[in-house]
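# Inside the fold
Take a look at the letters that make up each chain.
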Amino acid sequence: MGKTVAIVNQKGGVGKTTSAVNLTASLGSKGYKILLVDIDPQGNSTSGLGINKRALKKSSYNVLIGDSSAEDAIIRTEYDNVYVMPSSMDLAGAELELVEISKRESKLKNALALVKDKFDFIFLDCPPSLGLITLNGLCAADTLLVPIQCEFYALEGLSQLISTVRTVKRLYNPYIEIEGVLLTMYDGRLNLTQQVVDEVKKCFPKKVYSTFIPRNVRLSEAPSYGQPVLYYDKASKGSKAYNDLADEFLKLNGKK
């Protein structure tokens, strides 16, 4: 049965979607069957994997409100072993619709339960907020991966995220744990970067990945071509970093 990992940080611009797309592609290239569930209304993971959002008949929105099974909404991408449950603009209104539905926090969990055994890993790209859609992601997940950028405001809002996770653990999902904390936009030449690394390690002892994701032009360019960086420029620093992260992730999960 596949392990479900929510990629979460309510702060935007921390490399959440970049990490979702590129970790997914790197694991797929190593022979693992991966599902990326895009539950961010912006749908950047969907377009980052080359999916045309305008042509979609089913999306994570339909799954969340009960109009579609997970299986019917999943699309096979052109990348090795990578499948996606795409997002659509309709998802922006799902928060309001979910309010009226009973057991609304478990909609995604129940839908994914029917396909979980078909994948080695399922990743959830959550919105940069702590609303009902992210709550669905946290209830459906076994663990959460938290990307944090190496910048001045990195730790701002993290206490709120940890508080939300504790509440979810108490009320809805007693088994959820932190998978790992990923430091993104790393620039080792800056003193500030090392200060942020030290602070994050104090906040999350033994949970910070040893792989850091650097600032990288090719990593920034790849989404505009609808490609993970591994396929856009395999030799780039960004591609190598996500390949290393995939190896570390697999090792920590007893797969290497």
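The text that follows walks through the structure, step by step, so that each part is easy to find. Computed from a predicted structure; not experimentally measured. (Residues numbered from 1 in each chain as written. Predicted model: local features only at pLDDT ≥ 70, side-chain atom pairs only at ≥ 80, totals over all residues. Heavy atoms only, no water.)

## What about the sheet that holds strand 6 (residues 143–149)?
Stated precisely, the cut-off is as follows: Each pair of strands is called paired provided DSSP finds at least two bridges between the two strands. Labels follow the DSSP assignment, with helices taken as runs of H or I lasting at least four residues and strands as runs of E lasting at least two, numbered in each case from the N terminus. The contact criterion used is simple: two residues touch if any of their non-hydrogen atoms lie within 4.5 Å. For helices, the fitted line uses only the C-alpha atoms of the stretch in contact; every axis is such a line through C-alpha atoms, and the angle between N-to-C directions lies from 0 to 180 degrees.
Reading across the sheet, the seven strands line up as 3-4-2-5-1-6-7 and stay open at both edges, with mixed pairing between neighbours. Bordering the open sheet on either side are strand 3 (75–76) and strand 7 (177–184), each of which pairs with just one other strand. Note: strand 3 against strand 4 (residues 82–85), two bridges, orientation antiparallel. Residue pairing in the sheet places Arg76 in a bridge with Tyr83 of strand 4. Sitting on the sheet, helix 8 (residues 158–171) is in contact with strand 6 and strand 7, with an inclination near 175 degrees to strand 6.

## Some points on the pairing of strand 5 (residues 121–125)
Note the following rule: Burial classification: accessible surface area is computed with a 1.4 Å probe over protein chains only, and a residue below 20% of its type maximum counts as buried, one above 50% as exposed, and the rest as partly exposed.
A large share of strand 5 lies buried, amounting to five of its five residues. Of the two faces of strand 5, both are covered, the one formed by Phe121, Phe123 and Asp125 as well as the one formed by Ile122 and Leu124. In the sheet, strand 1 (residues 3–7) pairs with strand 5 via five bridges, with the strands oriented parallel. Residue pairing across strands places Val5 opposite Phe123, the latter belonging to strand 5. In the sheet, strand 2 (residues 34–38) pairs with strand 5 via five bridges, with the strands oriented parallel. In the sheet register, Leu36 faces strand 5, and the bridge partner there is Phe123.

## Some thoughts on helix 9 (residues 191–203)
Put simply, the rule is: Each residue after the first adds 1.5 Å to the expected span of a helix. Arc definition: directions from the helix axis to the C-beta atoms.
The end-to-end C-alpha distance of helix 9, which contains 13 residues, comes to 19 Å, matching closely the 18 Å that a straight helix rising 1.5 Å per residue would cover. Within helix 9 the residues assigned to the buried category are Thr193, Val196, Val197 and Val200. Along the axis of helix 9, the buried residues cluster in a sector spanning 100 degrees; they form a single face. The exposed residues of helix 9 that point more than 90 degrees off its buried face are Asn191 and Lys202. Of the surrounding secondary structure, the elements contacted by the buried residues of helix 9 are strand 6 and strand 7.

## What about the packing of aromatic side chains?
As a reminder, the rule being used: Stacked, tilted and edge-to-face pairs are distinguished by plane angle, under 30 degrees for stacked and over 60 for edge-to-face with tilted covering the rest, among Phe, Tyr and Trp rings (Trp via its six-membered ring) whose centres lie within 6.5 Å. For a ring to carry a charge above it, either NZ of a lysine or CZ of an arginine must fall within 6 Å of the ring centroid while also lying within 35 degrees of the normal to the ring plane.
Enumeration over the complete set of coordinates arrives at nine aromatic pairs. Arranged with centres 5.0 Å apart and planes meeting at 70 degrees, the rings of Phe121 and Phe249 form a pair that is edge-to-face. On the criterion of sequence distance, the pair formed by Phe121 in strand 5 and Phe249 in helix 12 (residues 237–252) is long-range, its members being 128 residues apart. Each member of the pair, Phe121 as well as Phe249, carries the same accessibility label: buried. An angle of 80 degrees between the planes, with centres 5.0 Å apart, marks the rings of Phe152 and Tyr153 as edge-to-face. By relative accessible area, Phe152 is classed as exposed at 63%. The ring centre of Tyr83 lies 5.2 Å from the NZ or CZ of Lys33, which sits over that ring.

## Overview of the nonpolar core
The test is simple: Throughout this description, the term nonpolar core refers to a set of buried Ala, Val, Leu, Ile, Met, Phe, Trp, Tyr and Cys residues connected via side-chain atoms within 4.5 Å.
Val37, Leu112, Leu124, Leu144 and Ile148 are the most contacted members of the largest nonpolar core, which has 50 residues in total. In terms of residue count, helix 7 (residues 132–140) provides more of this core than any other element does, six residues in total. Residues Val5, Ala20, Ile51 and Ala246 belong to the second largest nonpolar core, which totals 30 residues.

## Let's talk about the state of the cysteines
As a reminder of what qualifies: Disulfides are defined in this document as cysteine sulfur pairs within 2.5 Å.
A full pass over the atoms with the stated rule returns zero disulfides. With no disulfide of its own, Cys139 has Cys126 as its nearest cysteine by sulfur position, at a separation of 11 Å.

## What to know about unusual backbone geometry
Even without being a glycine, Lys103 presents a positive backbone phi close to 50 degrees. By the element assignment, Lys103 lies in the loop between helix 5 (94–99) and helix 6 (107–113). The class for Lys103 is exposed, based on a relative accessible area of 65%. The phi angle at Lys206 is positive, at roughly 65 degrees, despite the residue not being glycine. Secondary-structure assignment places Lys206 in the loop between helix 9 and helix 10 (217–221).

That's the geometry; what it means functionally is another story.
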